[in-house]
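As a plain string of letters, each chain reads:
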Amino acid sequence: MNNKPTYPGFHQDKHSLTMLARVVIDGWLFGFIPETEECAGWSLGQMQALSDKVDAEWDKYSSLPSRLPPELRERHAALYKVAVEGAREKGWDPELGDDE
């Protein structure tokens, strides 16, 4: 029996804006994975490898969407717009609670 933790997948995530969900979105953004890949069942090692690629790419832009080339900036805005809408549908509240 395999008890190693795995990522449930972007569409099964608690909401569309968890740390791992953002790695998936940014993986789509930079073309590291196709948008049809939601990383369901990926090991945490696989998710870390994707995160490392995403982080290295963001470093080129000082981790600022405003520094992305226009085409990537537009794609970033579109991907995150959909993610925020999905997160709100799942009950996500952008306001931090007292315990966050």
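Details of the structure are given in the entry above.
Residues numbered from 1 in each chain as written. Predicted model: local features only at pLDDT ≥ 70, side-chain atom pairs only at ≥ 80, totals over all residues. Heavy atoms only, no water.

### Some words on the packing of aromatic side chains
Scanning all chains against the criterion turns up 4 aromatic pairs. Between the aromatic rings of phenylalanine 10 and tryptophan 28, the centroid separation amounts to 4.9 Å while the plane-to-plane angle is 65°, which identifies the pairing as edge-to-face. Remark: tryptophan 28 occurs in helix H1 (residues 19-29) and phenylalanine 10 occurs in the segment before H1; sequence separation between them is 18 residues. Overall, phenylalanine 10 belongs to the buried group, its relative accessible area being 7%. The interplanar angle of 50° and the centroid separation of 6.2 Å between the aromatic rings of phenylalanine 30 and phenylalanine 32 together place this pair among those described as tilted. A network of ring pairs unites the aromatic residues Phe30, Phe32, Trp58 and Tyr61 as a single cluster. (Phe/Tyr/Trp six-rings, centres within 6.5 Å; stacked < 30°, edge-to-face > 60°. Helix = DSSP H or I, 4+ residues; strand = E, 2+ residues; numbered from the N terminus. Buried < 20%, exposed > 50% of the residue type's maximum accessible area, 1.4 Å probe, protein only.)

### Some details on the environment of alanine 21
Inspection of the secondary structure puts alanine 21 in helix H1. The class for alanine 21 is buried, based on a relative accessible area of 0%. Each residue touching alanine 21, except ones within four places of it in the same chain, is listed here: Tyr7, Phe10, Asp13, His15 and Ser16. (Contact = heavy atoms within 4.5 Å.)

In short, shape yes, function no, at least from these values alone.
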